[in-house]
Structures are given as C-alpha cells and as structure tokens.
Amino acid sequence: MLSRSQARRVTLAAQGFRDSAHTRPTMRTFSRALARTVVLQIDSVNVLQRAHYMPLYSRMGPYDIGLLGRASEQRPRRVVEYWAHVAAFMPVELWPLMAHRMRRYREHGHPWLGAEDRAALAASLLAEVRERGPSTARDLDDGLPRVRDHWGWNWSQTKRVLEHLFVAGDLAVAGRNAQFERRFDLPERVLPPYVLATATPTDAEAHVELVRRAAIAHGVGTEPCLRDYFRMRGEDSRVAVATLVETGELVPVRVEGWDRQAYLHRDAALPRDVHARALLSPFDPVVWERTRTEKLFGFHYRIEIYVPEPQRTYGYYVLPFLLGDELVGRVDLKADRRAAGGQGRLRVLGAYSEPDAPSDAGPELAAELRTLARWLGLAGVVIADRGDLAPVLASELR
C-alpha cells in the first residue's frame, strides 16, 4: 500500500523533479528531461509560452529554447512530431512503435478529416513534396475552397489531405515556420537512417513498449493512466499491462484514496522527499490527465481557454504551482511582450492558493515568477488584484 504522498513522490521523481540542476542546461540536460517526459505536447496557444517549451523549463529551469529547435529540426534529429499523446514531440525511436497507429489511420481515415476519397490529390501532394522538399499547406495550396467548421480552423482540402498523410506516416514534419505551420517532408528526409532501418514491431509488441514507457514516466499509475499517456485503446493497453505484470515489470499496488488497481514500475524510485518548485503548463504530463491529478494531489483542475470569460473560475491560461510534492496554488499568466515600450511584462491576472497551502507558498511563487519573467525576456512582473495570493505577490515583488 502506497500513501498518497508516496505516490506523489514516485510520480515527481519519475518525471524528473529530483534531477540535479545544471547551471547552464545543455543538450545532455534536454535529453535527460525528455527521457523523463517521453513526449512534449504541442499546442498553438502562445499567451505565455508555447506548451512544448514549458515542461522542459519546469524541469531544467531557464534554458535556451533553441535546444528543442536543434533536437527537432537539425541532424541528428532526436525528436519528431507525431500524434503520440495528441500532437507532440517524441523521441525519433518511437516512430516504428507508431506504425500500427499509422496503418489504422491509413486504412480508416481520421475523424477530423472527412471521409471523401482524395487519393488523386494525395498522390499529387506527395509528388510535389518529393520535388520541392519541406512545404507547408499554404505553399502547396492551389486555392481550393476553405471551410470553417471546427473551432474556427480554416483548412483547405490540401491541408486536410496533408494532415491525413502525416498521421498515416506517409509524410513527416521537418519543422515549423514562423507562423507555427507544419513543414511537411518525406519521412526518409526527416528521420535518421537507423530509425527507418528498425524492424517494425508487431502490434502487441508496440502496445507493450508504449505501456512500459508510460509506466516509467508515471512511476505509478492505474491502467487508464498508462493508457492515456499515448492515448491507446483500452483493449490494447489492458493486454499490455497484464503482460508486464506477468513478467514482473509492473507490480500491482494499492494507493491511498484510489478506487482502481494501480501499478508500480519495478524500477521506480520512492524518495523520502521531493523539493520541487515549478510552474506547470496546462499540458504538462504531471497534470494533463485531470482525474489522476485529483487523485494524486487533491487538486481540481480544468483548463478554461474554451470557457466564455464570464464563466471562468480562475482565468484563461492558468498554471498550477508545484512546491515540494504538493500543488499549492495556481496563477493566470500572460506574457505582455509589448508593455513598457517593448521591454515586456509578465502579467499575473489572478493568483490563488489551495486550502492547505504552506505559509511560504506566496514568497516561493513570487521567486518563481521572477525567474519565469527573466526566461521569457520580460523586464518585470505586474500583479492584478485578483485572488487571495495577489497581495502577498505584490508585496514580495514590489
């Protein structure tokens, strides 16, 4: 039986929050952090910093975001985009493990992309990418009619077919342009040769390996937790969990307050304490499965980006604040890059403590906000009068 506190410490250690800090994070530091998270969820919202940069910051501290650019766009590529959780960067060696998913998309399509036959356009686009090299949908778009029918997206038929070719593995992402548009290219021009030469695992082998990596990243989790890490199907993850239990790699355990069977990875560390201090992106692996977050931390968390402003409880882009092994508060943040004559300000639009937050939560959060502002290249922090932590932060940051 694990206490809830022990389960938190197992999780945070697995996610890299006990790794020693590096004065100047390097590619080696990046690789260590990526080994902990395995995937970095991609999201286009840029009110603070794009989502895929934030988990690295939370674990490494201030770092040069060019490290991720080098890892994803320069040889030897270390990471590549794919629908690993949702849209995410993942280690290049996971590409063969996604072959079963690519095949499913190739055979059955993608629910977002419509069902009509676009085989001729797909063949034409593949040929054009082969000739042109890395290309965005805008580069290849021939002016076909666009539609606006999903969260305001405005996808042409060209874009839809390119996205299908991407999820089917016929195209890969060579990088993103300044407008955050994918630049598509042939997989053989994106992925390292050793990845392309790797034998494709069976579906069962891929399922086991994905659950194994999820279990290492979580430390401890239920089958639904492990399933969610790579957004697997239940019938696949359940069999994979059973296989890893049989081999002894997953150890069935009970966790205080959890109503489901949990599984501890046999190599998971159980530290006596965790002295973390970090702001977590809404898309950080520690908090992206909201039911797990509530079970582990007693922290009810919902992102409110798509909630109309009058109905929001905490704000538009709210980050949980991790202190020690607890989530002790949350802050609604915005990077106002045009403020103060272009020097920029980190705006704290709301700051709230949790009911059992320690007395040092406010000062520690203030110190973390200073560090975050410097990393973002902003000249200062401005506190709005909203939330119970606002007066403390204003005093600390005055």
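Structural data are supplied above this passage.
Nothing here was measured: the structure is a model prediction, and the numbers come from that model.

Student: Explain the sheet that holds strand β9 (residues 250–253) to me, using residue names and the numbers behind them.
Tutor: Ordered by their spatial adjacency, 3 strands build an open sheet running β8-β10-β9, and the pairing between neighbours is antiparallel. Sheet topology places β8 (220–222) and β9 at the edges, where each strand pairs with a single neighbour. The mean angle between the axes of side-by-side strands here comes to 35 degrees, regardless of whether they run parallel or antiparallel.

Student: Outline the side chain of Gln41, supporting the account with residue identities and numerical values.
Tutor: Mapping Gln41 onto the fold places it in strand β1 (residues 40–41). Taking the relative accessible area as the measure of exposure, Gln41 reaches 10% and is therefore buried.

Student: Before we move on, could you go through the sheet that holds strand β13 (residues 326–336) and cite the residues and values that matter?
Tutor: The strand order across the open sheet built from 5 strands is β11-β12-β13-β14-β15, with neighbouring strands paired in mixed fashion. Since the sheet does not close on itself, it has two edges, and those belong to β11 (276–279) and β15 (381–383), each with one partner. Sheet twist, expressed as the mean angle between neighbouring strand axes with direction ignored, is 30 degrees. In this sheet, strand β12 (residues 318–324) lies alongside β11 in antiparallel orientation, the contact comprising 4 bridges. Across the sheet, Ala278 pairs through a bridge with Leu322, a residue of β12. Packing of helix α15 (residues 361–375) onto the sheet brings it into contact with β11, β12, β13, β14 (345–353) and β15, and relative to β11 it is tilted by some 60 degrees.

Student: So, the environment of Asp336: which residues are in play, and what are the values?
Tutor: Positionally, Asp336 belongs in strand β13. Given the relative accessible area of 19%, Asp336 is considered buried. Separated by 46 residues in sequence, Asp336 and Val382 have C-alpha atoms that sit 9.9 Å apart. Setting aside chain neighbours within four positions, we find Asp336 in contact with Gly344, Arg345, Arg347 and Leu378. There is a polar contact of 3.4 Å between the side chain of Asp336 and the backbone nitrogen of Ala339.

Student: Tell me about helix α16 (residues 390–397), and name the residues and values.
Tutor: Restricting attention to buried positions, one finds in α16 the residues Ala390, Leu393 and Leu397. When α16 is viewed along its axis, its buried side chains cluster within an angular range of 65 degrees and face the same direction.

Student: Go over the side chain of Glu354, please, and point to the residues and values.
Tutor: Following the sequence through the fold, Glu354 ends up in the loop between β14 and α15. For Glu354, a relative accessible area of 14% corresponds to the buried category. Ignoring anything within four residues of it in the chain, the contact list for Glu354 reads Gly298, Phe299, Leu327, Val328, Gly329 and Arg330.

Student: Just give me the short version of unusual backbone geometry, but keep the residues and values in it.
Tutor: Of all residues except glycine, most have a negative phi; of all peptide bonds, most are trans. Here Arg75 and Pro76 are connected by a cis peptide whose omega angle stands at -5 degrees. Assignment of secondary structure puts Pro76 in the loop between α4 (66–73) and β2 (79–83). Although it is not a glycine, Phe180 sits at a positive phi angle of roughly 70 degrees. Looking at the secondary structure, you find Phe180 in the loop between β6 (172–176) and β7 (182–185). Taking relative accessible area as the criterion, Phe180 reaches 15% and is therefore assigned buried. Even without glycine at this site, Arg231 takes up a positive phi of about 50 degrees. Mapped onto the elements of the fold, Arg231 is located in the loop between α12 (223–229) and α13 (234–246).

About the cut-offs
- Residues numbered from 1 in each chain as written.
- Predicted model: local features only at pLDDT ≥ 70, side-chain atom pairs only at ≥ 80, totals over all residues.
- Heavy atoms only, no water.
- Pairing = 2+ DSSP bridges.
- Helix = DSSP H or I, 4+ residues; strand = E, 2+ residues; numbered from the N terminus.
- Axes fitted to C-alpha atoms, helices over the stretch in contact; angles between N-to-C directions.
- Buried < 20%, exposed > 50% of the residue type's maximum accessible area, 1.4 Å probe, protein only.
- Contact = heavy atoms within 4.5 Å.
- Polar contact = N/O pair within 3.5 Å; in protein donor to acceptor, adjacent residues only side chain to side chain.
- Arc of directions from axis to C-beta.

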